[in-house]
Structure formats: structure tokens, C-alpha cells
Amino acid sequence: MKQIQMQDTYINKIKNLDIKKKYSVLTMGCQLNENDSERISGMLEESGYTKTEDLAKANVIVFNTCCVRENAEDRLFGKLGEVKKYKEENGCIIAIGGCMMQEKHMIQKLHESYPFVDIIFGPHTLQKFPEDLYKAIMENKKIEDILDIDGEIVEGIPTVREDKIKASVTIMNGCNNFCSYCIVPYVRGRERSRNPQDIYDEIIDLAKRGYKEITLLGQNVNSYLVSEKSKGENVDFSVKGQDGLVYKVNSFATLLRLINKIDGIERIRFISPHPKDFTDDVIEAIRDSEKVCKLIHLPLQSGSTEVLKAMNRKYTKEQYLNLVEKIKNKISNVQFSTDIIVGFPGETEKDFEDTLDVVSKVKYEQIYMFIYSRRVGTVADKMENQVDEKIKHQRFDKLKKLAENIIEEKNKNYVGKTELVLVEGKSKTNEKVYTGRSETNKVVNFEGNENMIGKILPLKIVSEHMWYLKGKYDNM
Ligand code: SAH
Ligand code: SF4
Ligand code: F3S
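What counts and what doesn't
- Here the residue numbering is sequential within each chain, running from 1 through the sequence in written order.
- Following the order in which they are written, the chains are lettered starting with A and the ligands numbered starting with 1.
- For this predicted model, a pLDDT threshold of at least 70 governs which residues receive local features, and a threshold of 80 or more governs which side-chain atom pairs are given and counted, while totals over whole chains, interfaces and linings are taken from all residues.
- The basis for every side-chain value is the complete set of heavy atoms in the structure, and neither hydrogens nor water enter the calculation.
- Any two strands with at least two DSSP-identified bridges between them are counted as paired.
- Runs of E in the DSSP output that reach at least two residues are strands. Runs of H or I that reach at least four are helices, and both are numbered from the N terminus.
- Convention adopted: a line fitted to C-alpha atoms gives each axis, helices being fitted over their contacting stretch, and angles between N-to-C directions are expressed from 0 to 180 degrees.
- Contacts were defined at the residue level, with two residues in contact if any of their heavy atoms lie within 4.5 Å.
- Helix crossings are classified by the rotation of the near helix relative to the far one: an anticlockwise turn of less than a right angle makes the crossing left-handed, while a clockwise turn makes it right-handed.
- Just so you know the grouping, Ala, Val, Leu, Ile, Met, Phe, Trp, Tyr, Cys and Pro go in nonpolar, Asp, Glu, Lys and Arg go in charged, and all remaining residues, Gly too, go in polar.
- If even one non-hydrogen atom of a residue comes within 4 Å of a molecule or strand, that residue is called near it.
- Residues adjacent in sequence count toward polar contacts only when both atoms are side-chain atoms; beyond that, a polar contact is any pair of N or O atoms within 3.5 Å, and within protein one must be able to donate a hydrogen and the other to accept it.
- Here the accessible surface of atoms and residues is derived via Shrake-Rupley with a 1.4 Å probe, and residues count as covered only by protein chains that are part of the display.
- Salt bridge, as used here: a side-chain nitrogen of Lys or Arg that lies within 4 Å of a carboxyl oxygen of Asp or Glu.
- In this scheme, a residue with accessible area under 20% of its type's maximum is buried, one over 50% is exposed, and one in between is partly exposed, where area comes from a 1.4 Å probe on protein chains only.
- Comment: arc refers to directions from the helix axis out to C-beta atoms.

S.K.: Describe the sheet that holds strand S16 (residues 366–371), listing the residues and the values that go with them.
M.R.: Taken in spatial order, the three strands make up an open sheet running S14-S15-S16, and their pairing is parallel. Here the strands that pair on one side only, and so sit at the sheet edges, are strand S14 (295–297) and S16. Neighbour-to-neighbour, the strand axes of the sheet open up by a mean angle of 15 degrees, direction not taken into account. Relative to S16, strand S15 (residues 335–342) runs parallel, the two sharing six bridges. The residue bridging Val342 from the neighbouring strand is Ile371, located in S16. Most of the contacts of helix H14 (residues 389–414) go to S16, to which it runs at about 175 degrees, and overall it touches S15 and S16.

In C-alpha cells form, the structure reads like this:
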């Protein structure tokens, strides 16, 4: 029997149980993790559960964990302390899934310090959640459902999305790169790409349900099908289009071009690409596809060639800058965002200056900055030249200041221009104010009305503020 069909039986069994069914899911990681949470919610809602934000009222509490940096772990342990009292009061089921559960020392820690946890599962066993839950409820025993080897890609898991306008779609799982600081390859396994027809059908369905923006997700989204090709697999897929034509998909570029044709989808984003696989065909597909936003997230990590080498990133400072130049030459008005780590082992003042230099040259729209965090089992954790915490923080603050200066300077260029803004909803703080995102992912606030939600409107930018722009809709 196929995995997901078997789960249907468990979903039905839970549905027929006469018990209280409220659930909460706490997402602690990246967008891939969030996408997994949408599937956990999907399986729970199919089983008759309804969502509550109030942990005290939940009968099932699921933590979807992350372990990419230490602070993600601290958050879990803080929250577990809080839910212990709910467990004692109303006997709720506590389940922990996600990347951290692939780490043996973390499971050990849970056994020792948090024995009240009922279900432990991982990203490779996510689809078996209904079975694990049923057994935990009916047999009243602790479930540990972890697979060490990479799970297969399972299609057809029910999904419940919070957002009605923007949706993320995972196109590949895992990572083969083993950047020396990063835990992801150890917990998410090797790269596995989804079949393009499944991706296409999912996005068609989202478009029919009114979604306007799609974000394609993967740890190395532009390496889509690359590792399959390197294994010698035939990856020349035929995809049956909604126009009745047959399209060939054999790369990220051909996938982008295909998704660009889907009626109803107006914006396409993708994260995260790896600079090493940012080939010309990908650049050209972005240029030619009018729905693909011209904001490219291009993780830098460090601007120093020495540090990049120690990080095992497979590009130099010059190669990165050349790539940025090449993209700028081929795509007019393109903008960039990035991820940067400060304080990698052995990073000298000179190395850090190189990072600042790249930041000054590329002038990113947005920078996600991280202080290097040691991860057990990674190569960098064993390096002896760890940087002093104080220096790490000083560098972080310096980078932050530079990034903010650039953002401020760039924000000024928006004033007086008209930006196309996808309206997402009402502002949380002011009834009359609506909020949306520009193509470059800037938050734009403006006075609007209910009917504008879900539409892309031209808004004239009237003023800039550090983290948002103020816009005006002229036809009102
Ligand atoms: N696959 C993506 C994202 C991986 S995780 C990529 O390669 O870009 C998201 C970000 O977390 C990374 O880009 C990196 O900047 C940061 N990160 C990963 N491991 C880290 C660590 N040990 N310490 C600090 N930041 C880290
Ligand atoms: Fe981690 Fe590097 Fe893979 Fe990104 S590419 S997930 S940073 S190992
Ligand atoms: Fe964290 Fe796993 Fe994402 S470790 S960053 S949740 S892939």
C-alpha cells in the first residue's frame, strides 16, 4: 500500500474518535520548515482538528523545529518549559518534529530533560504523522519515528495555508553542498527534486484558488535536477501544460519558464539559489519571464576569498562580484538581497573588510545577517581558530550599520517613483492603512480599501522610512 493511502486510513480513524480536537503548530525554522508546518496542519485538519493560537486550549501541540543556529534551539527549550503545565492540566499530546530531531544528541536531551514529550518525528517521516498521532492517542505510548536515510518525496499530503494570496511551493529537498558551518545537509539529507508535473499541477491548483504569488523553495533552488543529472538519471521530463501543449523540463531555468506561463499567477520568487549554480540559462529565464520578480536573493556568506574557501562555498570574492555584474548586465533594474555570516572561524579584520567591501559594491536591498553559531558535527565546529564572541558582535554591529545606511540611501530613490504593489491586507496597527509588497519585496503602506486585497496596484511612493515605504493610490 502506498504511504499516503495508508495514512488516509489513520486520518479516518482519528476523524471517528470522539475526542476534543484543537491543535497548535509552532514553526521555528525557515520557509521550508513553514511549508512542512502547512502539511502538518493539513493532515490534522483532514483528521477533524481545528486550529487554535491558544496553547492552553490545544489538544495537540506540534513543534516544528530548526537547528541551523543555536538560538533556534533555545526557543524550543523555552517553549517546552511552558507547555509542560498544559500537559499536566489537560493531557494534551506534545509532538516535536523538524530538523533538530535528526540530531541524536538533541533526542537524547529530550529523553533526559523533557520525558513528557509524546511524539518525536523528523522531516523524512512527516507524512506518517497521522499514524504516529493515532498510536500516541490510542496506545498511550511514546512514539519515536525518525529515519536516518533520506526520505522519498511524498506527493499528495494535504496542506493548509494561512495566507490566501502568497504561497510557497517546495521544489526540492536536501542539500549536497556541505558548507563547513552548516548543519542542513546532515539533517535534511541529499538533494532530491520533485517531478515538474507535480510542481506544475500544485501551482495550477493554487492559481485556481486565487493565489497570486508563488515562492519556489529549496536549499539550493537553482540546483533543481542538477544532482539527478550528475547521477546519470534521465531528467528530460515532459509536462502537460494547461494549454494542451507538452513542455520539456530538465533544469531550474526550464521550470521557471514553464511556471511563468501559468494563468492567474502574477509573481514568482525563489529562495535560496546557490551562486555556483547560477548559470546563464537561469539568468536568461529570469530576464525573459515577466512574472519572475527582479529581486534576486544571492547568498554571499562572506566577502573574503579565504573565508569562502574555508566555508567550502566554491566561489571567490571576484567570482561572486562578476556574477552580480553579469546578472546586472543581462537584467535591467535587477536588485539583490543576501545572507551573511560574521565571525566564521579564522575570520580576520581584513576578511571582514572584504565582506563590507562586497556589501558596499552590491548595495543590497536587504541583508539577512547572522553571527556564526557552532553546530555539532560540522567541519567548522572542529576548527581551532574560533572568533571571540565580543569581536563577532562588534563586526555584526558594524555590518548592520553599513547595511542600514545603504538601505536608507536606496529608500530615497523610491520616493516619487511608482511601484507595483501586491496588496496583502490591512495594516495591523491602523484600520485605514493597507499594506503590500513591491516587486523588490519592500513593505509599502497606503490608504486603501478591502477590494484592493490580492490586486497588484501602481502606487506612487510619497515617503520612505527605514523598514517601509509610504505609497499613494492616485485613482481613489
Ligand atoms: N541553503 C541556503 C540557506 C541555508 S540556511 C543557502 O545556502 O543560502 C540560511 C542561512 O543561515 C544561511 O544562508 C547562512 O547565512 C545561515 N547559517 C547557516 N548555518 C549557520 C551557522 N552555523 N551560523 C550562523 N549562520 C548560519
Ligand atoms: Fe547549508 Fe550551504 Fe547547503 Fe545552504 S548550501 S543549506 S548554507 S550547506
Ligand atoms: Fe532550520 Fe531545517 Fe530550515 S535546520 S533553516 S528548519 S532546513
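S.K.: Explain the packing of helix H10 (residues 280–288) against helix H12 (residues 317–330) to me, using residue names and the numbers behind them.
M.R.: In a pair of packed helices, the angle between the axes and the distance between the axes together describe the arrangement. Direction vectors running N to C along H10 and H12 enclose 35 degrees, while the axes themselves pass 10 Å from each other. Regarding H10 and H12, the two cross each other, and that crossing is right-handed. Touching Asp280, Ile283, Glu284 and Arg287 of H10 are Leu323, Lys326, Ile327 and Lys330, all from H12. Looking at the contact of H10 with H12, its residues break down into three nonpolar, no polar and five charged.

S.K.: Mind laying out the site of ligand 1, listing which residues take part and the relevant values?
M.R.: Neighbouring ligand 1 are 15 residues, the closest being Arg69, Gln219, Gln301, Asp339 and Ser373. Between ligand 1 and Gln219 there is a distance of 2.7 Å, counted from a nitrogen atom to a backbone nitrogen or oxygen. In this structure, an oxygen atom belonging to ligand 1 sits 2.7 Å away from a side-chain N or O atom of Gln301. A total of 540 Å² of accessible area belongs to ligand 1 in isolation, and the protein chains cover 91% of it. The class makeup of the residues in the shell around ligand 1 is seven nonpolar, four polar and four charged.

S.K.: Give a description of the pattern of salt bridges that names residues and reports values.
M.R.: Going through the model one piece at a time under the given rule, you end up with 38 salt bridges. With its nearest N and O atoms 3.6 Å apart, the salt bridge here joins Asp36 to Arg39. In this pair, Asp36 and Arg39 are both assigned in helix H2 (residues 31–46), three residues apart and thus about one turn of the helix distant. Comparing Asp36 with Arg39, the two get one shared label, buried. Residue Lys57 is joined to Asp54 by a salt bridge in which the shortest nitrogen-to-oxygen separation is 3.2 Å. Residue classification places Lys57 among the exposed positions, given a relative accessible area of 53%. Here the residues in one salt-bridge network are Glu38, Glu155, Arg161, Arg194 and Glu202, joined through shared partners.

S.K.: Now, about the site of ligand 2: what can you tell me, with residues and values included?
M.R.: Around ligand 2 sit Cys175, Asn177, Phe178, Cys179, Tyr181, Cys182, Val184, Pro185, Gln219, Asn220, His274 and Arg313, and that is every residue in its neighbourhood. When its residues are assigned to classes, the shell around ligand 2 shows seven nonpolar, four polar and one charged.

S.K.: Explain helix H4 (residues 104–113) to me, and be specific about the residues and the numbers.
M.R.: Within the span of H4, buried status applies to Met106, Ile107 and Leu110. Axial view of H4: buried residues confined to an arc of 100 degrees, hence all on one face. Residues of H4 that are exposed and point over 90 degrees away from its buried face: Lys104 and Glu112. Against the buried residues of H4 lie helix H3 (70–90), strand S4 (93–98), strand S5 (119–121) and strand S6 (143–145).

Limitation: the analysis is restricted to geometry and does not speak to function.
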